[in-house]
Amino acid sequence: MISIQDDEQIRLDNERFLLDVATGHWKSRALNFALEAKIASHLVNGSKSAFTIAKEIGVNPEFLYRTMRALSSLGIFREEEEYGVFSQTPKSAIMAESSPSWTDGLLFESHDFTYKAWTSFRESVKEGKAMGPQSLGYESVWSLTEQNPSYAPILQRAMSSFTAQAINTIIRETDFSPFETIADIGGSQGVLLLNILKNNPSVKKGYNFDLPITIENNKSLVSQRESEFKNEMAKFEDVAGSFFDSVPEADCYTLKYIFHDWKDEKCVEILETISKSMKPNSKIYIFDSVIETKNQPNGFVWLDLHMMHYVDGRERSATEWKALANSAGFKVESVVSLGMIGRVILSKK
Ligand SMILES: C[S@@+](CC[C@H](N)C(=O)[O-])C[C@H]1O[C@@H](n2cnc3c(N)ncnc32)[C@H](O)[C@@H]1O
């Protein structure tokens, strides 16, 4: 039986929960500051005073102390007994890792552009189209990226960091060995493809296909790739182009977090482009969200909202994937959730 006191407590907890959601941007902004100022890297050799760190990075000591204290309430940094002194926690240690790392993804998602774009969220819902980039003065995220040369590498590094997190799951759960050639469409920095080549020596050739700006930026990765993927580089090729025009011929096409950027009509266009280059037995392996649950904490449905508002994209359920594939003339061989990402396999009807 629930007593009146319990009832009051439940009400209070619910009120606090809602306040926590309402103030989510405070946390995101404080985290973004800590990331950009590389605060966590000051604690790698042990605990340190916020006042000392403030002097080293040239910010207001009291304000930095209060920022770190607030973050420590979330387990990001730990405030020690001695006033103003903080030490590293498992969460802040992640923030101290040098790029490429998870920090790249965090920097991207808490970036000023992303934050400002959300101010027009209500307009998106009203108009039924992505108004996020317009609040930044751009037609779309793609024009924003083109016109801000410093933003493109931030986006590309973030994609690599998200890929790095999903890579073990994808490799463990997926057999790429039957294929001789693989084209990763929208492959960004090539992290997925290089890992597929590394783990599937029978694959003879891999094309990393992306927009010219991305492929141009990839030239800066030569030494990093040579040191990590020495044996795979001979089979690996960066190819510039647009998946609305043409893609290389391959036995297997991988598309990771590509379709979630686009509404259904555009996805059909991408599938039609691939269809023109496919051999009769080629397969398409889509790695993207598969929304499975209702009424439960679920990162995919929040990502869906962000994609809806920022790029007019969407995350999809198994039913939605099947309908999409069907309208482009493809057969769905399987749709599975691999946990942190989903996998949809398509073949020609
Ligand atoms: C969300 S990112 C995903 C990147 C990568 N597959 C991953 O999961 O990390 C989308 C990618 O699609 C690329 N892209 C966007 N439009 C494209 C087009 N028309 N043709 C080829 N690639 C495109 C972007 O440059 C970007 O690398």
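Residues numbered from 1 in each chain as written. Predicted model: local features only at pLDDT ≥ 70, side-chain atom pairs only at ≥ 80, totals over all residues. Heavy atoms only, no water.

Our focus in this paragraph is the site of the ligand. Of all residues adjacent to the ligand, which total 18 residues, the nearest are Thr163, Gly186, Asp210, Phe243 and Lys256. Separating an oxygen atom of the ligand from a side-chain N or O atom of Thr163 is a distance of 2.6 Å. Considering the ligand on its own, with 590 Å² of exposed area, one finds that the protein chains cover 94% of that surface. Of the residues that constitute the shell around the ligand, the class distribution is nine nonpolar, six polar and three charged. (Near = heavy atom within 4 Å. Polar contact = N/O pair within 3.5 Å; in protein donor to acceptor, adjacent residues only side chain to side chain. Areas by Shrake-Rupley, 256 points an atom, 1.4 Å probe, with all protein chains shown as cover. Nonpolar A, V, L, I, M, F, W, Y, C, P; charged D, E, K, R; others polar.)

This part covers the sheet that holds strand S3 (residues 85-87). The three strands lie next to each other as S1-S3-S2, forming an open sheet whose pairing is antiparallel. Every interior strand has two partners, whereas the edge strands, strand S1 (48-49) and strand S2 (78-79), have only one. Direction of pairing for S1 relative to S3: antiparallel, over a ladder of two bridges. When the sheet's bridge partners are listed, Ser49 is paired in S3 with Val85. (Pairing = 2+ DSSP bridges. Helix = DSSP H or I, 4+ residues; strand = E, 2+ residues; numbered from the N terminus.)

This paragraph deals with the UniProt feature "active site" (unreviewed entry) in the protein chain. Feature annotation in UniProt places "active site" (unreviewed entry) on His260, given in this structure's numbering. You can see His260 is positioned in the loop between strand S7 (252-256) and helix H14 (264-277). The class for His260 is buried, based on a relative accessible area of 8%. In contact with His260, other than residues within four places in its own chain, are Asp288, Leu303, Met307, Val311, Gly313, Arg314, Glu315 and Arg316. (UniProt positions renumbered as here; feature names shortened; annotations may be inferred. Buried < 20%, exposed > 50% of the residue type's maximum accessible area, 1.4 Å probe, protein only. Contact = heavy atoms within 4.5 Å.)

Nonpolar side chains collect at one region of the surface, where Phe17, Leu18 and Val21 lie side by side and expose about 340 Å² of accessible area between them. By the element assignment, Val21 lies in helix H1 (residues 4-22). We classify Val21 as exposed; its relative accessible area is 52%. (Patch = residues over 30% accessible without salt bridge, like charges linked within 9 Å, V, L, I, M, F, W, Y side chains within 5 Å. Salt bridge = Lys/Arg side-chain N within 4 Å of Asp/Glu carboxyl O.)

Moving on, we come to the packing of helix H2 (residues 24-36) against helix H4 (residues 61-72). Orientation of H2 relative to H4, taken along the N-to-C sense of each, is 115 degrees, at an axis distance of 10 Å. Like other packed secondary-structure pairs, H2 and H4 cross with a definite hand, here left-handed. The segment H2 lies against H4, with Ala30, Leu31, Phe33 and Ala34 engaging Leu64, Thr67 and Leu71. Looking at side-chain class alone, the contact of H2 with H4 contains six nonpolar, one polar and no charged residues. (Axes fitted to C-alpha atoms, helices over the stretch in contact; angles between N-to-C directions. Left-handed = near helix turned anticlockwise from the far one by under 90°.)

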